[in-house]
Amino acid sequence: VLQINVLERGEVKVRGQAMTADPKLKDNQQLMQLSKFLEIEAAGYEREPPDPSNPGNPPSKLRANIRADARSQFKHVQFVFDACVRNGIYKTSLAATPDDPR
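Structural notes, computed from the coordinates. Since the model is a prediction, treat every value here as computed from it, not as a measurement.

### As for helix α2 (residues 74-86)
Helix length check: α2, at 13 residues, gives a terminal C-alpha distance of 18 Å against a target of 18 Å (1.5 Å per residue), a fit within 8%. Here α2 has its buried residues at His 76, Val 77, Phe 79, Val 80, Ala 83 and Cys 84. Take α2 and look down its axis: the buried residues cluster within an arc of 150°, on one side only. When the buried face of α2 is taken as reference, the exposed residues oriented beyond 90 degrees from it are Phe 74 and Arg 86. Its buried side turned inward, α2 meets β1 (2-6), β2 (12-14), α1 (34-43), β5 (63-68) and β6 (91-95).

### With respect to the environment of Phe 74
When you line up the elements, Phe 74 lands in helix α2. Relative accessible area serves as the criterion here: at 54%, Phe 74 is assigned to the exposed category. Taking the C-alpha atoms as reference points, Phe 74 and Val 6, 68 residues apart in sequence, are found 9.7 Å from one another.

The rules behind these values
Residues numbered from 1 in each chain as written. Predicted model: local features only at pLDDT ≥ 70, side-chain atom pairs only at ≥ 80, totals over all residues. Heavy atoms only, no water. Helix = DSSP H or I, 4+ residues; strand = E, 2+ residues; numbered from the N terminus. Expected span 1.5 Å × (residues − 1). Buried < 20%, exposed > 50% of the residue type's maximum accessible area, 1.4 Å probe, protein only. Arc of directions from axis to C-beta. Contact = heavy atoms within 4.5 Å.

Spatial relationships are all this shows, so hold off on functional conclusions.
So, in structure tokens, the structure goes:
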């Protein structure tokens, strides 16, 4: 399972590497586009059997777990989901941790 962390200001970290999921930041050379990273990752995994009703690239068997900071805006999480879908990664989950009462 690929862990994708969405931080408070919208920065995304995968395996300790900072990147951006925001498509408006295409020209930012410092941050690798999450979509490009996921394209490379998904290429290394097997694909699900093709669905005759949905021609095209079959879904990847890669699974992604999206963890977001409690103060993150949902639009940043949505950018991550969109990047996953664009690359055939449909097995996604969200991680949540209950507040610590201490």
